[in-house]
Amino acid sequence: MTTTSPPSRSATRASFLSPLPLFFVLLWSSGFIVAKFGLPYAPPLTFLVLRFLGVLLFLLPAVLVLRAPWPHGRIAHIALAGLLVQAGYLIGVWCAIKQGMPAGLSALIVGMQPILTALSARLIGERVRARQWLGLVFGLGGVALVVAAKIRLVGLTTPAILLCVMALLSITAGTLYQKRYCAQFDLRTGTVIQFSASLLLVLPLAIWLEGLGLDFAAVQWTPRFVAALLWSVLGLSIGAIFLLFALIRRSHATEVTSLMYLTPPTTAIMAWLMFGEAFNSLGILGMGLAVTGVIFVVKKPN
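Residues numbered from 1 in each chain as written. Predicted model: local features only at pLDDT ≥ 70, side-chain atom pairs only at ≥ 80, totals over all residues. Heavy atoms only, no water.

Identification of the protein as EamA family transporter from Pseudoduganella danionis is taken from an unreviewed UniProt entry. According to the UniProt record, the Subcellular location (unreviewed entry) comment for the protein is "Membrane". Listed in UniProt under the heading Sequence similarities (unreviewed entry), the comment for the protein reads: "Belongs to the EamA transporter family." (UniProt positions renumbered as here; feature names shortened; annotations may be inferred.)

1. Regarding the overall build of the protein
Along its length, the protein carries 13 helices and 0 strands. In sequence order, the secondary structure elements of the protein are arranged as α-α-α-α-α-α-α-α-α-α-α-α-α. In the protein, of all internal contacts separated by at least 6 residues, the share reaching a separation of at least 24 is 92%. Here the protein has roughly 13,600 Å² of accessible surface; of this, 71% comes from carbon and sulfur atoms. (Helix = DSSP H or I, 4+ residues; strand = E, 2+ residues; numbered from the N terminus. Contact = heavy atoms within 4.5 Å. Areas by Shrake-Rupley, 256 points an atom, 1.4 Å probe, with all protein chains shown as cover.)

2. Focus on the packing of helix 4 (residues 75-98) against helix 8 (residues 158-181)
For any two helices packed against each other, the geometry is given by the interaxial angle and the distance between the axes. With their axes 7 Å apart at the nearest point, helix 4 and helix 8 run at an angle of 160° to one another. In terms of orientation, helix 4 lies roughly antiparallel with respect to helix 8. Every pair of crossing elements has a handedness; the one defined by helix 4 and helix 8 is left-handed. Considered class by class, the residues forming the contact of helix 4 with helix 8 number 19 nonpolar, 7 polar and no charged. (Axes fitted to C-alpha atoms, helices over the stretch in contact; angles between N-to-C directions. Parallel < 35°, antiparallel > 145°, perpendicular 65-115°, else oblique. Left-handed = near helix turned anticlockwise from the far one by under 90°. Nonpolar A, V, L, I, M, F, W, Y, C, P; charged D, E, K, R; others polar.)

What follows is the structure, given as C-alpha cells:
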C-alpha cells in the first residue's frame, strides 16, 4: 500500500465522528475482561503465545489466498512497531495483573499514554493545541475518578508497578514509531508481520520463565479459557488492532491515544454488567469528565 499525505482536517473530523473510534473503544476495553476470564487458567506468557499463534493461523492462510500485498522496505519498521505495541504492551499488562495488580490501577497507569504522546508529539511533526492540553488533563482526571474506588494498594509489588510502566512506555513508543515510519501498510500482511515478530520474542520467554512445552501442560482448557482465547484472537488482536491501525493512519497520534481515556470507564461498565462490580457517583462523574476530555482533544477548531 502506498504512502499517502497526512489527513486533512475534514477527513480527521469525519473519522472521529464515525462509529469507528467508538467500536475501537468497546473492543479495546474488553481486554481487561478477557484477562479476568483467561489468566486463572494459563500463565500470562503462555496465554500470549497461544494468542499470537491463533492470530497467525487465522490470518496467514487468508493473506496467501487473497494475495495481499507485502510491504517493501518497511518490514523491519512494522516488526519493531509490533514488538512495542503488541509484545511489550501485552507482556507488561498481563504479567502485572497475574502478579496481583488491580485492573483499575493498571488502567490508570496505562491511561497516562495520551499525556506522554502529547509531550512527544513534536517528534512526529504534530502540534498539540491549548484546548487539547486541557482535554488531556480533563481525561486523566476522569480516569483517576473512575478507578479511585477500585484501587487496592494492599499486596502491590514493585515488579507489578514496573511491568505496568513498561507497558505504558512500550505502547506509547510503538504508536509514535508506527505513525512516523510505517503508518501506511496493508492491514492483513502488516498484522502478520507484527504478530510473527511478537511470537518470536514471547515464545522463548515462555519456555524459559514458565516452562512452556509442546503439550501446553500448564493450560487448563476450560470453556471459559477457550472463550477468552478466541475473543483475544478475533476481537482484540485482529478486530481492535485493525481499528487501531486504521485510526493511526487517518488521524493524529494525540487524538488516537486520547481514546484510551475512555477505556477505564467502558471497562467499569462492562465489569458492572458481567460481574456485578459496583461503581459510585464519583465514578460516574469521572466517566463524564473523561468523555469531555476526549471531545476537547478530537474536536477541530471552526
